[in-house]
Structure formats: structure tokens, C-alpha cells
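Read off the chains here:
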Amino acid sequence: MKLLTLLFGLFFSVACFGQQTNRELKTVTFSGSGYELGIQHGTKLKKEIAEIISAWKKNTSNELGRDADLVLKDFFKYADFHESIKKWTPDLYEEVRGIAVGSGQELNDIMVLNLLDEFWVYINNLNNHHCSGLGVPSRNGVPGYISQNMDLENYTDGFQVLMRLNRTDNRPEQLILSHPGLIALNGLNEEGIGVCVNTLMQLKASHDGLPVAFVVRRIINSTNKQDLLSFIQTINHASGQNYIIGFKGEIYDFEASANKVVRYNPNNENGTVYHTNHPIVNDDVKPWFENYNPNLKKEFQPTSSNSHLRFRAVENRMKFSSEIGTAEIKKALRSKDDENNPVCRANFRDGRGFTFASTIMTLTGEPNIQIIAGPPDETDYERVDFSTKQ
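Here is what the cut-offs are and how they apply
Residues numbered from 1 in each chain as written. Predicted model: local features only at pLDDT ≥ 70, side-chain atom pairs only at ≥ 80, totals over all residues. Heavy atoms only, no water. Phe/Tyr/Trp six-rings, centres within 6.5 Å; stacked < 30°, edge-to-face > 60°. Lys NZ or Arg CZ within 6 Å of the ring centre and 35° of its normal. Helix = DSSP H or I, 4+ residues; strand = E, 2+ residues; numbered from the N terminus. Buried < 20%, exposed > 50% of the residue type's maximum accessible area, 1.4 Å probe, protein only. Contact = heavy atoms within 4.5 Å. Pairing = 2+ DSSP bridges. Axes fitted to C-alpha atoms, helices over the stretch in contact; angles between N-to-C directions.

### Observations concerning the packing of aromatic side chains
Enumeration over the complete set of coordinates arrives at 14 aromatic pairs. Between Tyr-78 and Phe-81 the ring centres are 6.4 Å apart and the planes differ by 80°, which places this aromatic pair in the edge-to-face class. Members of the aromatic cluster, connected to one another through ring pairs, are Trp-56, Phe-75, Phe-76, Tyr-78, Phe-81, Phe-119 and Tyr-122. Sitting over the ring of Tyr-93, Lys-86 keeps its end group 4.8 Å from the ring centre. Directly above the aromatic system of Phe-231 lies the positively charged group of Arg-218, at a separation of 4.4 Å from the ring centroid.

### A few points about the environment of Leu-116
Its place among the elements puts Leu-116 in helix H8 (residues 116–123). For Leu-116, a relative accessible area of 14% corresponds to the buried category. In this structure, Leu-116 is in contact with Leu-152 and Leu-185, ignoring residues within four places of it in sequence.

### Quick notes on the sheet that holds strand E1 (residues 26–30)
As summarised here, the arrangement of the 8 strands in space is E1-E4-E5-E6-E7-E8-E9-E10, forming an open sheet in which the pairing is mixed. Of all strands in the sheet, those with a lone pairing partner are E1 and strand E10 (261–263), marking the two edges. Neighbour-to-neighbour, the strand axes of the sheet open up by a mean angle of 20°, direction not taken into account. As defined by bridge partners, strand E8 (residues 241–247) adjoins strand E9 (residues 250–256) across 7 bridges and the pair is classed as antiparallel. For Asn-242, the partnering residue across the bridge sits in E9 and is Glu-255. Lying over the sheet, helix H2 (residues 35–44) contacts E1 and strand E4 (161–165), oriented at roughly 145° with respect to E1.

Printed below as a string of C-alpha cells:
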């Protein structure tokens, strides 16, 4: 009996190691546009920006075995994104510049925080990208949703931020998941237009395309469907990425690479889409990831990778339900069907990443975000609404 008690205690302590239920979701509000937004961001989060830059450099040095400043110098010899950012999203370039000035940090130190996926591409890091996303169209009076577990490296824990951008004459109010110094991870605007993303490291990248964070913010800033769909399908994408886009009650999913953008639609009766971190329809893959080419016969493709196992876990919960609401979405986002490859990932501080935050965005009726800082099985979602128009 004593041995049984000891084993149970050991199991319980291992299972709960890394669980942190007292995370604070920091909320901040910014007004204006471009450089103004950046100055406010940099000034208000100055301390946190300094801390996350320090944490990023420590993590980078540890992971790569080289001084982070030397890695950063080499990275910016590869990264030539400034012209694409200035061409497609000039206000966002000014915003990043404002964050640097407001926080008193070097521009490249701020810029690399906003090149999250592009840096992962540069170091060819396939290990920490375990985001799981889904979309549910509005049908028969039931609201539409997009949702995601955003998984990042362990060092980002404690830096969860929800940004509110006040509406202007040419911009809807926006709620954006982020961390200090970063312009966006995912988000939603008051018109019910939002986006969730999944890294597709296997797809070809471009050293001078438009980086993911800037694509995300451009989508959240949109109100015109045709303009939005044209944008996502015509720009030069810097990184392989899957975009689940909610436009009011409609859901679109695009796998984007350097050379093509392909819409993914599983043609489910309930209209749902879901995605993890491998390409399903885009065959523009890197030569060293050829086994992930969706055109290969099934027997030559990996089926037991972390991404494939999570995909099947989400699919089993989403594909066959006639109606899906927040209760079903929460179950999917909290799922751990495969204990070694769960959709919901605790922070074990093992260098393998964790669920940084979980978001459920309601697109129709009264658009809102339900959000949790950290893995969604550790606490309850908090609903955040848009402000009332005057």
C-alpha cells in the first residue's frame, strides 16, 4: 500500500509539473496609427520588452550554442523583409520603428521579435511549432468561430498580452493576442473578421517576402472581403503558413508558401476546417521535406508525426458533429488524446514549447474573443468584448 501511495504521488507530481494556474493576461489599449501606436506600445511595455528580448537572446544562445547577437547579425544578412513590409504594410513598419524608439531598444532586436516564423525558417526549427487551429462557419443561426491553441517556446511564458487597438475613421477596433514588442500573433476586429495561423515549416520560404505578423495585422485591419482574399492570394509570402480566416460567418483556409497559395477545404458537411503544422494541399515544399509533399502516395508520407497525430485528434472531434459551439471547441482545444502529442501542451520547461495562449473568436452576432493565458486545461476562458460605438 505504501508503494502504491508513493507511485501515485510520483505520478501526480510528474503530471502536474509545469502547471501554472496563476498566469496574468496583461491587457493594454493603444490609440492612433503607425508610429503613434508603436511609441505607446514601446513606452507602456518598456520593462517587459527589455525582459523578453533578454529571454529571447538567452534562449537563442542556449538552443544554437552561439552568441545570440552573432546569430542575429547573420540572420539579418539573410532577412531582407524591409521593402516588402514598407510596400504592403507601411504603417506597420512605422509601428515597429515606434516600438523600438518607445522602448529604447535596437530596431533589429524589436524586428526579430516580429519575425517569429521567419527566424524559425532561418534556423530550420521544426520542433516548437505545434499550433492547432479550427474554423466553424455560421449556420442556421449558430455563430461562426475561429479558434487556436498558440504554441510558442517556453521562455515566452508570463509575457501573454491582449492588445486592444481603438477604432479610427479608417480602422475597426481590434483585439490582438501578442507578447511585448510583437505586433500580432492572431486576432479579431469588431466587424467579425479575424485570423488564426499555423506554421508550415515544410513549405518554401522567401527571404524578401511579407512576414507572417504583418500579414496577420493586415488581415485583422480588413473590412472588405474581396480585398482581403486578393491580398492573401497575391502577396509574396515570406514563410510557409496556414491562415484560417473568419469573415463574419464565412471561413476560409489558405496554405501559403513562397510560390503559391492554395485554399484548403476538407468539404465536411458541417463546413468545419482545422489545421496543424504540415501541408495538406500545397506541394511547394522544400527539397529536404519532400516526404511531406501532399502529392506523394500515402504510404510514403509521414503519418505519426506530432502534427499528424494532433490533426487526427482535432478532426475526430470536429468533422462529424452536426452543430459545433464553444463547448465542443473547448473540448478540442483542451484535448490530450495522445499523451506525447497533445493538442493542449503544458509548460514543462523542457525546451519543447507549450500552449502560450488559447483563443476562441466569435465572428457573428456580437463578435468577441474568449482567451486564456497558457494551456486551456489549466483555467477558464475569459470573454473580452469590443467597446460600444458612440
